[in-house]
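Reading the structure
If you want the building blocks of each chain, they are given just below.
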Amino acid sequence: TWGYDRIQGALANIGYDIADSTVANVLKAHGIEPAPDRQRMPAWSTFLKAHWDSIFATDFTTVEVWTRSGLVTFYILAVMHLKTRRVQIAGITPSPDATWVKQVCRNLIDCEEGFLRDASHLIVDRDTNFIAMHDFLEQNTDTEIVLLPPKSPDLNAYMERWFRSLKSECLDRMIFFGRKSLEKSVREYVEHYHRERNHQGLDNELIEPEEDDQGIFGTIECRERLGGILKYYHRRAA
């Protein structure tokens, strides 16, 4: 609740003599509004900018799979680092119960390889499937859960757009017989998404370009995945 001048005075008390404009600049850089506006909800763009390096988002999508017992709905849980657009499939299951969600969370926060180990904020919607995730992360990590307002998919636009790409470029073009066929297809798409698909939000660049594919000489080749559904044109290093 302190204003710039009061913060300036408090700093002077402990030996830091700085201008109030410096206080203003520091607070602004961290997405903190002037005192009169601070109690209001910050703009979504301001929030994203302030935490861009360490903000993640997650969501579920569903796909129908033919199994021995008939048509079964499988849930795909994905997590994205918004700045880099890197995605990890946290899990695929026909039953996303609390026990399954907690195990997924343990994998995501692993201190060595966990995708969320450096996350300061995680954007989630109000789906009841996320209740167990919210409770687990709140109790075991410093990651702050950002709950979206009801019916606001535009505030999780990066995740929504990724699922749209996954479905239009892969899932909607295939019929799945068994869990393994779904898992293989999703795995292949994620590999394609990271290494072979250009992203307009990243200046039309690849997320993880291969060094051998950066030249302008050599034979042009086409790398295919999933029987040619996914294609990548590149030059073989001369």
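Below or above, wherever it landed, is the structure these notes cover. (Residues numbered from 1 in each chain as written. Predicted model: local features only at pLDDT ≥ 70, side-chain atom pairs only at ≥ 80, totals over all residues. Heavy atoms only, no water.)

This part covers the nonpolar core. Nonpolar side chains tend to gather and get buried jointly when the protein is soluble and globular. Core analysis: the biggest nonpolar cluster contains 31 residues, and Val63, Ile123, Trp162, Leu171 and Leu182 have the highest contact counts within it. Counting residues per element, the ones that place at least two in this core are α3 (44-50), β1 (55-67), β2 (70-81), β3 (86-93), α6 (157-169) and α7 (179-195). Among the elements that take part in this core, α7 stands out by supplying five residues, more than any other. Excluding anything up to four places from it in sequence, Leu171 contacts Val63, Ile76, Leu166, Phe176, Leu182 and Val186. Within the second largest apolar cluster, 21 residues are counted, among which are Val101, Val124, Leu137 and Ile145. (Core = buried A, V, L, I, M, F, W, Y, C linked by side-chain atoms within 4.5 Å. Buried < 20%, exposed > 50% of the residue type's maximum accessible area, 1.4 Å probe, protein only. Helix = DSSP H or I, 4+ residues; strand = E, 2+ residues; numbered from the N terminus. Contact = heavy atoms within 4.5 Å.)

Take the sheet that holds β3 next. One open sheet holds the five strands; their spatial order is β3-β2-β1-β4-β5, and the pairing between them is mixed. Single-partner strands in this sheet number two, and they are β3 and β5 (144-147). Within this sheet the neighbouring strands show an average axis-to-axis angle of 30°, counted without direction. Judged from the seven bridges that link them, β2 and β3 form a sheet pairing that is antiparallel. (Pairing = 2+ DSSP bridges. Axes fitted to C-alpha atoms, helices over the stretch in contact; angles between N-to-C directions.)

As a further point, take the packing of aromatic side chains. Considering all chains together, one arrives at nine aromatic pairs under this definition. Centroid distance Trp52 to Tyr158: 5.8 Å. Interplanar angle 55°. Geometry classified as tilted. A residue pair is termed long-range when its members are at least 10 positions apart, and Trp52 in the loop between α3 and β1 and Tyr158 in helix α6 qualify at 106 residues. Exposure remark for Tyr158: the relative accessible area of 30% places this residue in the partly exposed category. Relative to Trp100, the ring of Phe60 has its centre 6.4 Å away and its plane inclined at 35°; by these criteria the two rings are tilted. One end of the pair, Phe60, is in strand β1; the other, Trp100, is in helix α4 (residues 98-108), and 40 residues separate them in sequence. The class for Phe60 is buried, based on a relative accessible area of 10%. (Phe/Tyr/Trp six-rings, centres within 6.5 Å; stacked < 30°, edge-to-face > 60°.)

Let us look at the pattern of salt bridges. What the rule picks out here adds up to eleven salt bridges. The partner of Glu169 in a salt bridge is Arg197, with the nearest N and O atoms 2.8 Å apart. Residue Glu169 is located in helix α6, and its partner Arg197 is located in the loop between α7 and β6 (220-225); the two are separated by 28 residues in the primary sequence. Owing to a relative accessible area of 17%, Arg197 belongs among the buried residues under this scheme. With its nearest N and O atoms 2.9 Å apart, the salt bridge here joins Arg225 to Glu196. In this pair, Arg225 is assigned in strand β6 and Glu196 in the loop between α7 and β6, connecting sequence segments 29 residues apart. With relative accessibility at 13%, the residue Arg225 sits in the buried group. (Salt bridge = Lys/Arg side-chain N within 4 Å of Asp/Glu carboxyl O.)

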